[in-house]
Amino acid sequence: MAARPVVSVFGLNGAKLDATVPLPSVFTAPIRPDLVQFVHKNMAKNRRQPYAAKQQAGEETSAESWGTGRAVARIPRVGGGGTHRAGQAAFGNMTRGGRMFAPNKVWRKWHIRTNSNQKRYATASAVAASGVSALVSGRGHRISGIEEVPLVVSAEAESLSKTKEAITLLKALKAYADVAKVSNTRSIRAGRGKMRNRRHRQRRGPLVVFAEDKGISRAFRNLPGVELVDVTRLNLLQLAPGGHLGRFVIWTQPAFEALNKVFGSQTEASVQKKGYTLPVPVISNPDVSRLIGSDEIQAVVRPSGPKSMRRPFTQKKNPLRNTQVLVRLNPYAQVLRRAELLGKNKKTKKYTHKKSASAKFLQILKAD
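Residues numbered from 1 in each chain as written. Predicted model: local features only at pLDDT ≥ 70, side-chain atom pairs only at ≥ 80, totals over all residues. Heavy atoms only, no water.

1. Overview of the pattern of salt bridges
Line of reasoning, step 1. Tallied over the full model, the rule gives 9 salt bridges.
Line of reasoning, step 2. In this structure, R247 engages E227 in a salt bridge whose closest nitrogen and oxygen atoms are separated by 3.3 Å. In this pair, R247 is assigned in the loop between α7 (236–239) and β10 (249–252) and E227 in strand β9 (residues 227–230), connecting sequence segments 20 residues apart.
Line of reasoning, step 3. What makes R247 buried here is its relative accessible area of 0%.
Line of reasoning, step 4. The salt bridge partner of E340 is R337, with a shortest N-O separation of 3.7 Å. With a gap of 3 residues between them, E340 and R337 both fall in helix α13 (residues 332–342), about one helical turn apart.
Line of reasoning, step 5. Taken together, the shared-partner salt bridges connect K16, E147 and E148 into one network. (Salt bridge = Lys/Arg side-chain N within 4 Å of Asp/Glu carboxyl O. Helix = DSSP H or I, 4+ residues; strand = E, 2+ residues; numbered from the N terminus. Buried < 20%, exposed > 50% of the residue type's maximum accessible area, 1.4 Å probe, protein only.)

Structure, rendered in structure tokens:
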């Protein structure tokens, strides 16, 4: 989040004016990428156009099942004769020329309602992210030549009405490189979309925010990738295209000064949004790595343990192969093993078989 107390104002010639504008409270709002992506996904669904399969598609034939007893499946079959089509299965989703399974209907739930507080929170986060140069540059905008972010232009810019005047202003602010990037990335769309009134695709350029349209919309509307929006109608789909934070925003001075009325602050309610105040961050310093590395925390934290960790006891070992595990499970196994080695175990004791009877005893037994 931006933390400067004041922001410079630039003139139409690109020079920094003496006047400064205090930073609105919305630029100190927490930056929540998770919430922005969630709200953006829901809002993007509200522009979808319903589509469906034709209601009679795949069922525009007089097919009827042959029933049982003919050694064929009971799927409906086309009647008649004299053609290959006769007797072929129809209607089912597994048949040739049949209808699809669960055809799309126009009464599907296309639109999704999102809580107003979530949408306001996401919009405030997107505005705060537009004031962080690292996020703006990381999104792909060409802002290396710009002196400050957020970029505020004097109120005279709202009176521009010619495209060449808008180009002159952007070049003076060293922001035209972002528009040139959009022109260089314009390409023909791959797929069927090129036949459906969306033939070309291109990147997003700067977003120009104004307070009063005195011709500024006519001046910037023909520049590739440049979008315009009223400060009272800020839209998350424009502030964070694709759900990605860090849109490059050019503010006019009246629009920048009106942000406190639109969003309010953490203590004062908004004028436009009844009873709404900005969300308070959970921690004042979101740089967690810097907090952990601070001297105050490192002084009381325990020293790090050894890098080599012992194997957990949850590792499966076979007690029939591993003697230590066997003894841990059955301590008497060690006594049995020792007795076995000493030959004292009855199970392993060798028995000597008696000799066979003598020949003299056999003679007496056989005698009459």
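Text resumes after the structure shown.
2. With respect to the pairing of strand β8 (residues 207–210)
Line of reasoning, step 1. Side chains L207 and V209 of β8 all project onto a buried face; the interleaved residues V208 and F210 project onto the opposite face, where all are buried too.
Line of reasoning, step 2. As judged from the 4 bridges shared by β8 and β9, these two strands associate in the parallel manner. Note on β9: the bridge partner recorded for V209 is V229.
Line of reasoning, step 3. Across 3 bridges, β8 lies against β10 in parallel orientation. Bridge assignment links L207 to a residue of β10, and that residue is V249. (Pairing = 2+ DSSP bridges.)

3. Here we look at the packing of aromatic side chains
Line of reasoning, step 1. Summed over the entire model, instances satisfying the criterion amount to 4 aromatic pairs.
Line of reasoning, step 2. Relative to F256, the ring of F27 lies with its centre 5.5 Å away and its plane at 40 degrees, an arrangement referred to as tilted. With a gap of 229 residues between them, F27 in the loop between β2 (16–22) and α1 (33–44) and F256 in helix α8 (residues 253–257) connect regions that are remote in the sequence. The same class applies to F27 as to F256, namely buried.
Line of reasoning, step 3. Taking 5.9 Å as the distance between ring centres and 70 degrees as the angle between the ring planes, the aromatic pair formed by W251 and F256 counts as edge-to-face.
Line of reasoning, step 4. Take W251: its relative accessible area is 0%, and that puts it in the buried class.
Line of reasoning, step 5. An aromatic cluster of three or more residues is present, and its members are F27, W251 and F256.
Line of reasoning, step 6. Sitting over the face of the ring of Y176, K171 holds its NZ or CZ atom 5.2 Å from the ring centroid. (Phe/Tyr/Trp six-rings, centres within 6.5 Å; stacked < 30°, edge-to-face > 60°. Lys NZ or Arg CZ within 6 Å of the ring centre and 35° of its normal.)

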